[in-house]
Amino acid sequence: MMTTYTENSSRHRSWRKPSAGRPMLFVLLLSIAALGVLGLLIAGPTLALPLSVATAVALICLVSVAWAVAGPRL
């Protein structure tokens, strides 16, 4: 039978990253990105090509930032 010491387990737990980020911020940022994609799909044909591409790149960056800052930790 093994004995687990509380000071070792708490210290081990503090070294690991938390398994979840900030779920509310993650959902908010992804919702903004989803609305942006919806707007781009609706208004995209009337926009100039450079503006459409720049908007798509900005939305991809928003999703990347959302994942890096507030997303789940792997």
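Look up a bit, the structure's there.
Quick notes on the rules
- Residues numbered from 1 in each chain as written.
- Predicted model: local features only at pLDDT ≥ 70, side-chain atom pairs only at ≥ 80, totals over all residues.
- Heavy atoms only, no water.
- Helix = DSSP H or I, 4+ residues; strand = E, 2+ residues; numbered from the N terminus.
- Contact = heavy atoms within 4.5 Å.
- Areas by Shrake-Rupley, 256 points an atom, 1.4 Å probe, with all protein chains shown as cover.
- Expected span 1.5 Å × (residues − 1).
- Buried < 20%, exposed > 50% of the residue type's maximum accessible area, 1.4 Å probe, protein only.
- Arc of directions from axis to C-beta.
- Phe/Tyr/Trp six-rings, centres within 6.5 Å; stacked < 30°, edge-to-face > 60°.
- Patch = residues over 30% accessible without salt bridge, like charges linked within 9 Å, V, L, I, M, F, W, Y side chains within 5 Å.
- Salt bridge = Lys/Arg side-chain N within 4 Å of Asp/Glu carboxyl O.

Teacher, can you tell me more about the overall build of the chain here?
When helices and strands are counted, the chain shows three helices and zero strands. For the chain, the sequential pattern of α-helices and β-strands runs α-α-α. Taking the intrachain contacts of the chain between residues at least 6 apart in sequence as the baseline, contacts between residues at least 24 apart amount to 74%. Accessible surface computed for the chain: about 6200 Å², of which carbon and sulfur atoms make up 72%.

Got a minute to help me understand helix α3 (residues 49-70) in this structure?
Each α-helix turn comprises 3.6 residues. Residues three or four places apart therefore point the same way. For α3, which comprises 22 residues, the first-to-last C-alpha distance of 31 Å matches the rise-based estimate of 32 Å (1.5 Å per residue) to within 8%. Along α3, the positions that sit buried rather than exposed are Ser52, Leu59, Ala66 and Ala70. On an axial view of α3, the arc spanned by its buried residues comes to 70°, and they lie on one face. Opposite its buried face, α3 presents the exposed residues Leu49, Pro50, Ile60 and Ala68, each directed more than 90 degrees away. Tucked inside the fold, the buried residues of α3 contact α2 (23-43).

Would you mind showing me how to read the packing of aromatic side chains here?
Both the distance between ring centres and the angle between the ring planes are used here to describe each pair of aromatic rings. Counting across every chain of the model gives one aromatic pair. Geometrically, the ring pair formed by Phe26 and Trp67 is edge-to-face, given 5.7 Å between the ring centres and 65° between the ring planes. One end of the pair, Phe26, is in helix α2; the other, Trp67, is in helix α3, and 41 residues separate them in sequence.

What's the story with a nonpolar patch on the surface in this structure? I'm lost.
A cluster of nonpolar side chains, namely Leu25, Leu28, Ile32, Val65 and Val69, defines an oily patch on the protein surface of about 390 Å² accessible area. Elements with a minimum of two residues in the nonpolar patch: α2 and α3. Among the elements that make up the nonpolar patch, the one with the highest residue count is α2 (three residues). Tracing the backbone through its elements, the reader meets Val65 in helix α3.

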